[in-house]
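Chain by chain, the residues:
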Amino acid sequence: MEIVILGGRRQIGRLAADAIEQLLRRKPEAVLGLATGSSPLPVYDELAARHEQGLDFSRASAFALDEYVGLPAGHPESYREVVRREFTNRVNIAPENVHGPDGRVDDIPAACEAYEQAIAAAGGVDLQLLGLGTDGHIGFNEPGSSFASRTRIKSLVEQTRRDNARFFNSLSEVPHHVITQGLGTIMGARHVILLATGAQKAQAVRDFVEGPVAAICPASVLQFHPHATVLLDEAAASGLKLADFYRHTYENKPAWQGL
Ligand SMILES: N[C@@H]1[C@@H](O)[C@H](O)[C@@H](COP(=O)(O)O)O[C@@H]1O
């Protein structure tokens, strides 16, 4: 895992966008893995600005990480809508190439299986963006999720429902169930970039970066990923024992070497 500690959300957005831009220039038909929540928003803002300057997404495709179960079609907080509003509508990616789990179907296991097959048929995810839950979740893989898990239905823990209530009118509106790519699915992405900012993430960051690999902290599985990048602000990095070492390593990295 490469740990990069930066000045703030703008810098994090730019660096993640650099990695996505380099990928698209190398592989225009790249498969992007999209996350929701507030952490990736600066990346999407930066990519939208670069699209205005000519960055082309016309041959790219995208897969969302997760979705609430049971929100009505077009609900502004369904992740399908969030992904569209915050990112894909702002660049020239073809709408038919943007995929997300469907939280409204009757046969959820079949839809989850079909989603896995669609990711595989696209050739797998080249670059997966991830946020981090305050309980260490990635996607909606709550503590206890199997490291081998694939896309499936999950229940949210109360802490996550409370954290996400800010996007709804009240806690009671936050669904209890979600569909999420599994930890095994996420581990199949060729590069993962996890973004975390703010003091409320410091404990989860410390646990997954420097703690033991354990299902109680789902993001810790990334310690086994061959190409995982973690972009943090100072507050999110404040609990790391080796913060100075990570800073030193990044500052002395050869300029030609990307993330
Ligand atoms: N399912 C999403 C996660 O994918 C996201 O990482 C997390 C953190 O959100 P934020 O970035 O807003 O802190 O929120 C939700 O639970």
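Counting restarts for each chain, with residues numbered from 1 along the sequence as it is written. Residues qualify for local features only when their pLDDT is at least 70, as the model is predicted, and side-chain atom pairs are given and counted only at 80 or more; totals for whole chains, interfaces and linings, by contrast, use all residues. Calculation of side-chain values draws on the structure's entire complement of heavy atoms; hydrogens and water are dropped beforehand.

1. Brief notes about the layout of surface pockets
Roughly 400 Å³ of volume is contained in the largest pocket. Both site types are read off a 1 Å grid over the protein atoms alone. A 1.4 Å probe that fits but cannot get out defines a cavity, while an open set with protein on both sides within 12 Å along at least five of seven lines defines a pocket; lining residues have an atom within 4 Å of a point. Lining the largest pocket are 24 residues, with Gly37, Leu132, Gly133, Asn164 and Lys201 positioned closest to its centre. Grid points are joined across faces, edges and corners, and a volume is the space filled by probe spheres set on the points. What the second largest pocket holds in volume is close to 260 Å³. In terms of lining residues, the second largest pocket is bounded by 15 residues, among which Arg80, Arg84, Thr88, Pro95 and Val98 are the most central. Numbering goes from the N terminus for both helices and strands, where a helix is a DSSP run of H or I of at least four residues and a strand is a run of E of at least two. Elements with a contribution of two residues or more to the lining of the second largest pocket: strand S4 (66-68), helix H3 (79-86) and strand S5 (98-99). Residue contributions to the lining of the second largest pocket peak at 4 residues, all from H3.

2. Section: the site of the ligand
Near the ligand you find 13 residues, and of these Ser38, Ser39, Asp66, Arg166 and Lys201 are the closest. Residues adjacent in sequence count toward polar contacts only when both atoms are side-chain atoms; beyond that, a polar contact is any pair of N or O atoms within 3.5 Å, and within protein one must be able to donate a hydrogen and the other to accept it. A distance of 2.8 Å is found between a nitrogen atom of the ligand and a side-chain nitrogen or oxygen belonging to Asp66. At 2.9 Å from an oxygen atom of the ligand is found a side-chain nitrogen or oxygen belonging to His137. The Shrake-Rupley method, run with a 1.4 Å probe sphere, supplies the accessible areas, and residue values consider only the shown protein chains as cover. In the complex, 95% of the free accessible area of the ligand, which totals 390 Å², lies under the protein chains. Whether a molecule sits in a cavity or pocket is decided by its atoms, more than half of which must lie within 2 Å of the grid points. Of the pockets mapped on this structure, the ligand occupies the largest pocket. Partitioning the shell around the ligand into residue classes produces 3 nonpolar, 7 polar and 3 charged. Throughout, near means a residue has at least one heavy atom within 4 Å of the molecule or strand. All residues other than Ala, Val, Leu, Ile, Met, Phe, Trp, Tyr, Cys, Pro, Asp, Glu, Lys and Arg, Gly among them, are scored as polar; the first ten of these are nonpolar and the last four charged.

3. Brief notes about the sheet that holds strand S2 (residues 31-34)
What makes two strands pair is DSSP finding at least two bridges between them. If you walk across this open sheet you meet the 7 strands as S1-S10-S9-S6-S2-S3-S5, and the pairing is parallel. Every other strand in the sheet has two partners, leaving strand S1 (2-6) and S5 as the edge strands with one partner each. As paired elements, strand S3 (residues 61-64) and S5 share 2 bridges and run parallel to each other. Looking at S5, one finds that Phe63 is bridged to His99.

4. Regarding the packing of aromatic side chains
Two aromatic rings are characterised by how far apart their centres lie and by the angle between their planes. Planes of paired rings set the category: under 30 degrees apart is stacked, over 60 is edge-to-face and the rest tilted, where pairs are Phe, Tyr or Trp rings (Trp by its six-membered ring) whose centres lie within 6.5 Å. Going through the model one piece at a time under the given rule, you end up with 8 aromatic pairs. Considering the side-chain rings of Phe57 and Phe87, the 5.7 Å spacing of their centres and the 80° angle between planes classify their relative orientation as edge-to-face. Within this pair, whereas Phe57 is found in the loop between helix H2 (41-52) and S3, its partner Phe87 is found in the loop between H3 and S5, the two being separated by 30 residues in sequence. The residues Phe57 and Phe87 share a single accessibility class, namely buried. Ring centres 6.1 Å apart and planes at 55° place the aromatic pair Phe245 and Tyr246 in the tilted group. Only protein chains enter the area calculation, which uses a 1.4 Å probe; residues under 20% of their type maximum are buried, those over 50% are exposed, and those in between are partly exposed. Residue classification places Tyr246 among the buried residues on the basis of a relative accessible area of 11%.

5. A closer look at the packing of helix H1 (residues 9-26) against H2
To define axes, lines are fitted to C-alpha atoms, for helices over the stretch in contact only, and angles between the resulting N-to-C directions are given on a 0 to 180 degree scale. It is at 8 Å that the axes of H1 and H2 come closest, and there the two elements cross at 55°. In terms of orientation, H1 and H2 fall into the oblique class. Handedness of the H1/H2 crossing: right-handed. Between H1 and H2, the contacting residues are Arg9, Gly13, Arg14, Ala16, Ala17, Asp18, Ile20 and Glu21 on the first element and Leu41, Pro42, Val43, Glu46, Leu47 and Arg50 on the second. When an angle is under 35 degrees it counts as roughly parallel; over 145 it counts as roughly antiparallel; between 65 and 115 it counts as roughly perpendicular; any other value is oblique. Put simply, a crossing is left-handed when the front helix is turned counterclockwise from the back one by less than a right angle, and right-handed when it is turned clockwise. Residues count as neighbours in contact if any of their non-hydrogen atoms are within 4.5 Å of one another.

6. A look at the pattern of salt bridges
The working definition used for a salt bridge is a side-chain nitrogen of Lys or Arg within 4 Å of a carboxyl oxygen of Asp or Glu. Per the counting criterion, the structure on display carries 17 salt bridges. Between Asp18 and Arg50 there is a salt bridge, with its nearest N and O atoms 2.8 Å apart. Of this pair, Asp18 sits in helix H1 while Arg50 is found in helix H2, placing the two residues 32 residues apart along the sequence. Here Arg50 falls in the buried class, since its relative accessible area comes to 14%. Salt-bridge contacts for Arg161 lead to Glu158; the nearest nitrogen and oxygen are separated by 3.2 Å. Residue Arg161 and its partner Glu158 are located together in helix H5 (residues 158-164), separated by 3 residues, close to a single helical turn. By relative accessible area, which is 4% here, Arg161 ends up buried.

7. Describing the UniProt feature "active site" (unreviewed entry) in the protein
UniProt positions are given in the numbering used here, feature names are shortened, and annotations may be inferred rather than shown by experiment. The residues that UniProt annotates with the feature "active site" (unreviewed entry) are Asp66, Asp135, His137 and Glu142. Within the annotated group, the residues that form the lining of the largest pocket are Asp66 and His137. Its location among the elements puts Asp66 in strand S4. Asp66 has contacts with Thr36, Tyr79, Pro101, Gly139, Phe140, Ile179 and Thr180, leaving out every residue within four places of it along the chain. Engagement of the side chain of Asp66 in a polar contact is seen with the backbone nitrogen of Phe140, the distance being 3.4 Å. With respect to the element layout, Asp135 can be found in the loop between strand S6 (127-130) and strand S7 (152-155). Apart from residues no more than four positions distant in its own chain, Asp135 is found in contact with Glu142, Pro143, Val157, Gln159, Thr160, Ile216 and Pro218. Of note is the side chain of Asp135, whose polar atom sits 2.8 Å from the side chain of His137.

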